[in-house]
Amino acid sequence: MRQFAIIGLGRFGSSIASTLYSLGYDVLAIDKNEERVEDISDRVTHAVQADATDEAAIRTLGLRNFDVAVVTIGNDIQASIMVTMLCKELGIPKVLAKAQGDLHAKVLLKVGADRVVFPERDMGVRVAHNLVSSSIVDFIELSDDYSLVELSVWPEWVDKNLQELEMRVKYGINVLAIRHGSSINVSPRSDDVIREGDVLVAIGSNQNIKRLEAHNQ
Ligand code: ATP
């Protein structure tokens, strides 16, 4: 079973740690703040108070045996960079780090982070898309050019099947799934009919998604 170390127990780090634990994974949660460690102690496998920039302390915790480290130290950029570098030096195969901005992200990647995330920025983008369009339920940017969206169906789509709707031709998006209440059709066929209240999960270029948003403002 994969073992995860989460370093920095702010809201983001704590949420990752307790979710992984509830999914059945082995989770070591580390923070230099005793209170934060105590708060999470019954929602992870082990919770330890330590300054993660202290190489000796990190070695004692046996971090090199972990498969994944998530560095979720936010405001102390210097600490986040040092800890990310230490994790890679210890040989942890996958190190994911949270960045405050582009320059921080660049440095994290330079010191070896395998992946960098921007939770506040990404959530801001998702919420903004949801705000400007009544039909965009959720939005996930996959790259600078493509995104995944959840779209509530437009009245003119109701009772038509995917072939009739010609989503790819008309709107330049590919429908990957249709959500109907709590059930989800993950491999929709061209003759599957859209019902009122359904949500379509689709992938498309950001340009085409922008056009969809503009249509339903
Ligand atoms: P969030 O937005 O996720 O709540 P944040 O961006 O405000 O978090 P911080 O509060 O700056 O992030 O950092 C997250 C946690 O990282 C804090 O609980 C802090 O104690 C911890 N932390 C900071 N430096 C270290 C360190 N050197 N070793 C261990 N933990 C650290």
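Residues numbered from 1 in each chain as written. Predicted model: local features only at pLDDT ≥ 70, side-chain atom pairs only at ≥ 80, totals over all residues. Heavy atoms only, no water.

Going by what an unreviewed UniProt entry lists, the protein chain is known as TrkA family potassium uptake protein and is assigned to Gehongia tenuis.

Chemist: Residues and numbers for the UniProt feature "domain: RCK N-terminal" (unreviewed entry) in the protein chain, please.
Modeler: Per the UniProt record, "domain: RCK N-terminal" (unreviewed entry) is annotated on residues 1-117. In this annotation, residues 1-117 is assigned 41% helix and 23% strand; the end-to-end C-alpha distance for the span is 24 Å. (UniProt positions renumbered as here; feature names shortened; annotations may be inferred. Helix = DSSP H or I, 4+ residues; strand = E, 2+ residues; numbered from the N terminus.)

Chemist: Summarise helix α9 (residues 206-215); cite the residues concerned and give the values.
Modeler: Within α9, the full set of buried residues consists of Asn208, Ile209, Leu212 and Glu213. Down the axis of α9, the buried set is contained in an arc of 145°. They therefore lie on one face. Of the exposed residues in α9, those oriented more than 90 degrees away from the buried face are Gln207, Lys210 and Arg211. Against the buried residues of α9 lie α6 (119-132), β7 (136-141), β8 (146-152), α8 (167-171), β9 (173-180) and β11 (199-205). (Buried < 20%, exposed > 50% of the residue type's maximum accessible area, 1.4 Å probe, protein only. Arc of directions from axis to C-beta. Contact = heavy atoms within 4.5 Å.)

Chemist: Which residues make up the sheet that holds strand β2 (residues 26-31), and what values go with them?
Modeler: Pairing is parallel in the open sheet, where six strands are placed in the order β3-β2-β1-β4-β5-β6. Only two strands of the sheet have a single neighbouring strand rather than two, namely β3 (46-49) and β6 (115-117). Each strand axis lies, on average, 15° off the axis of its neighbour in the sheet, ignoring direction. Note that strand β5 (residues 94-98) and β6 share three bridges and pair parallel. Considered in β6, the bridge of Ala97 is made with Val116. (Pairing = 2+ DSSP bridges. Axes fitted to C-alpha atoms, helices over the stretch in contact; angles between N-to-C directions.)

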